[in-house]
Each structure stands twice: as C-alpha cells, then as structure tokens.
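Coordinates in review
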Amino acid sequence: MDQVRVIEIKKSIFEDNDRDADNLRAELKGKGVFLLNLMSSPGSGKTTTLIKTINSLKDRMKIAVMEADIDSDVDAKKIQEATGVHSIQLHTGGMCHLDAEMTRQGLAGLEQEADLVILENVGNLVCPAEFDTGATKNCMILSVPEGHDKPLKYPLMFSVCDLVLINKIDVMPYFDFDLDLCKKYVLKRNPNARIIPICAKTGEGIEEFAKWLEDNVHKQKGEK
Amino acid sequence: MHELGIAFHCIKEVNKIAQENNVAKINSVTIQLGEVSTVIPEYFEDVWNWAVKKETILKDAKVKIEIIKAVTFCEDCKREYPTVQFGKICPNCGSDNTYLVTGNEFVIKEIEAVDQ
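Just so it is clear, the structure is predicted and the values come from calculations on it, not from any experiment. (Residues numbered from 1 in each chain as written. Chains lettered and ligands numbered in written order. Predicted model: local features only at pLDDT ≥ 70, side-chain atom pairs only at ≥ 80, totals over all residues. Heavy atoms only, no water.)

A short note on helix α9 (residues 206-220) of chain A
The periodicity of an α-helix, 3.6 residues per turn, causes residues three or four places apart in sequence to face the same way. Residue and element names in this part refer to chain A. Given a rise of 1.5 Å per residue, 15 residues ought to cover 21 Å, and the 21 Å separating the end C-alpha atoms of α9 matches this to within 8%. The set of residues buried in α9 consists of Ile-206, Phe-209, Ala-210, Trp-212, Leu-213, Glu-214, Asn-216, Val-217 and Gln-220. Once α9 ends, the next one or two residues include Gly-222, with phi positive near 75°. (Helix = DSSP H or I, 4+ residues; strand = E, 2+ residues; numbered from the N terminus. Expected span 1.5 Å × (residues − 1). Buried < 20%, exposed > 50% of the residue type's maximum accessible area, 1.4 Å probe, protein only.)

Some thoughts on the pairing of strand β2 (residues 34-40) of chain A
Residues and elements named next belong to chain A. β2 sits mainly inside the fold: seven of its seven residues count as buried. Where burial is concerned, the two faces of β2 agree: the one with Phe-34, Leu-36, Leu-38 and Ser-40 and the one with Leu-35, Asn-37 and Met-39 are both buried. Pairing of β2 with strand β5 (residues 116-120) involves five bridges; the strand directions are parallel. Paired with Phe-34 across the strands is Leu-116, a residue of β5. As judged from the five bridges shared by β2 and strand β6 (residues 137-143), these two strands associate in the parallel manner. The partner of Leu-36 across the bridge, within β6, is Lys-137. (Pairing = 2+ DSSP bridges.)

A word on the packing of helix α2 (residues 46-57) of chain A against α9(A)
Residue and element names in this part refer to chain A. Taken N-terminus to C-terminus, the directions of α2 and α9 make an angle of 65°; their axes are 9 Å apart at the nearest point. Judged by the sense of rotation from one axis to the other, the crossing of α2 with α9 is right-handed. Of the residues in α9, those touching α2 at Thr-49, Lys-52, Thr-53, Ser-56 and Leu-57 are Ile-206, Glu-207, Phe-209, Ala-210, Leu-213 and Glu-214. Of the residues in the contact of α2 with α9, the class split is five nonpolar, three polar and three charged. (Axes fitted to C-alpha atoms, helices over the stretch in contact; angles between N-to-C directions. Left-handed = near helix turned anticlockwise from the far one by under 90°. Contact = heavy atoms within 4.5 Å. Nonpolar A, V, L, I, M, F, W, Y, C, P; charged D, E, K, R; others polar.)

Observations regarding the pairing of strand β3 (residues 63-69) of chain A
Residues and elements named next belong to chain A. Here β3 lies mainly inside the structure; seven of its seven residues are buried. On β3, burial covers both faces: Ile-63, Val-65, Glu-67 and Asp-69 on one face and Ala-64, Met-66 and Ala-68 on the other are all buried. The pairing of β3 with β5 spans five bridges and is classified as parallel. Among the inter-strand pairings, Val-65 is bridged to a residue of β5, identified as Ile-118. Across six bridges, the pairing between β3 and strand β4 (residues 86-91) is parallel. Looking at the pairing, Met-66 lines up with Ile-88 of β4. In terms of handedness, the path from β3 via helix α3 (residues 74-83) over to β4 forms a crossover that is right-handed. (Right-handed = clockwise from strand over helix to strand, strands pointing away.)

Regarding α2(A)
The terminal C-alpha atoms of α2(A) lie 16 Å apart, and with twelve residues this matches the ideal 16 Å at 1.5 Å per residue to within 8%. Buried within α2(A) we find Lys46(A), Thr47(A), Thr49(A), Leu50(A), Ile51(A), Thr53(A), Ile54(A) and Leu57(A).

Concerning the sheet that holds strand β5 (residues 98-102) of chain B
Residue and element names in this part refer to chain B. On the basis of which strands lie adjacent, the open sheet formed by three strands has the order β4-β3-β5 and antiparallel pairing. Of all strands in the sheet, those bounded by a partner on one side alone are β4 (80-82) and β5. In this sheet, adjacent strand axes meet at a mean angle of 35° when their direction is disregarded. In this structure, strand β3 (residues 71-74) lies alongside β4, joined through three bridges in antiparallel fashion. When the sheet's bridge partners are listed, Phe-73 is paired in β4 with Glu-80.

Here you go:
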C-alpha cells in the first residue's frame, strides 16, 4: 500500500521570488546597471513618457527597454522607432505581472549593454506591486484622468514606489484633479516617495525625471 | 488573472519540495490565505484545478484553503480591530495611523504526499 505522509512546509509563496529579486538587484549593482521598474494603469502614458525621456538622455548613456505585455509588440516597436534605443518585448503569457525570474530572462535577452534598463511592466495597479522584479528602483505613473484618490485605493502600489510621476497635468482643470491632495495621499502611503508632476505631451517635468534617472545611473556605478 | 500567476508560483514551489522529499504523488496541498491577500479563494481553486492537469506529481492534487483573518492595529489607541469591516480607519478612535498585523499571507502550509 502507498505510504501517505504530510510534509509541513510553512513557506510564503513570495519568499522565493523575494530572494531571486534580491540576488538580481545585487548582480545589477555589481555590473553597474540601473534597472527601473515602471508601473501604471493602462493608458497612463508610460510609453509616451519613456520616448520623451529617452530622447533627452540617450546621448549621455546607453539605454535599453524591456516592454512587458500580455501580448503584441506594439510598445517595443514604438519605442525603437521613436528613440532608436534597443528595445525588446516580453510576453507574460496571460499573467498580470512580471516576477524576478522573468525579469532575469528579459535582461539575458538584451543584445546590447546598457547603463540604464527600463522595464515597462504590465499595465495594472495591483499585481505588479506584489511581485518584486529585482529592479534597483520602482517608479509609477499616475495620470490626471485616473483621479487624485488612487493612492488611497491602491495603497500597495504607492508604498513600493520610490518615484511617482503625475502625468497629463495639462488637463488638470478638466478633471477636478487636486494635485496637493494627491501628493498628500502619496506621502501618506510612502513618506519617502519623490513626486514629479509631468506632461509627456508638452515635455513639462520630463527634464526633472531625466535628471533623477541620470543621478541614479551615476550612483549605481559608484560615480557620485 | 492574478490567481493564475500565484498558482504557477505555488506549483513550482511544491514541485521543488516534492523532488527534495522523493515524493511520487501529491494528494493535496494546504494553503493559508489572508483575508486581504488579493487572492480570491474560489478563483484560486478553479485555476489550481486547471493548472495541475498539466503536471505529473501534482496531477490529482486538491488544494485546501485555510483563511487567515485580517487584523489591523491602531498606533494611537493601541487596539486591534477587524480589517475587512473597518479598513484603514480605526473604529475605536477614528485614527488612520494604523497598520495591518495579519491578513495578507499566502503560505504553503503542508502537502499530503505519497512516497515513491
């Protein structure tokens, strides 16, 4: 007769991913590569923001982009065409987030060396926040039409982000968006978060974001 | 589909444990799930049953889910209260200076295994 036994495990499902992510972060530090995990809702302007920012930075450093989506390669193509930087598409196969292992595979698939790698995560304010990708820093874009109350509704996303970009500020008057209140809500979830209001369309605030990236790239290389 | 990603992680982990323990077959996997873990138990069970069909050791494994109550602690009045009912605002003193004590867990508690 088969021997049946109970094996006690008591292990969190996130434990392995957290360890993989810490390892990846340490390796990137060793190589002097700054990896930014960029998250947001669909349609918040991630790709447009990236194009503007990359065009401002690309002469000063080597940049690569990894676009994570459930399907299609429209974003990777768009980035490559608009900026000329190396861009690859990662498919999550229906999954709503990337984990550290998938990020590692993506990095291995890059064909060029880079000082700055930007991972554009799946458009979603819930799941990507729960899985550490191993990125050096996390950034999220909240766009004005989504409303200033989002930090209250998606607390985890805002608490894991080092930088919050508030995009589409040119349409603020049409959406009754309260920027000060929004900042207050973000800082409530994460007192250490840096907040930069931007408008990817007009270019407002993009230089400040580019400067933040550049400082971090230097820091990752131990230059400052 | 958040539950599917979690189910894949869980299956990967259990497969690893099964190999380390020389297990031939797994009858069941017991999961402890926090009330505010963002995983919906019924959905998780559905995607689990779908995902294990592609497996070998785990092919017939049932998932058993134990719920962990969500409890929040208030820093101002130093009391605990049920999170699901009251959210982030303390029902005792009205403070929002609170944090979650338990309730966001997703733990693989144990597996019932058949030896080789």
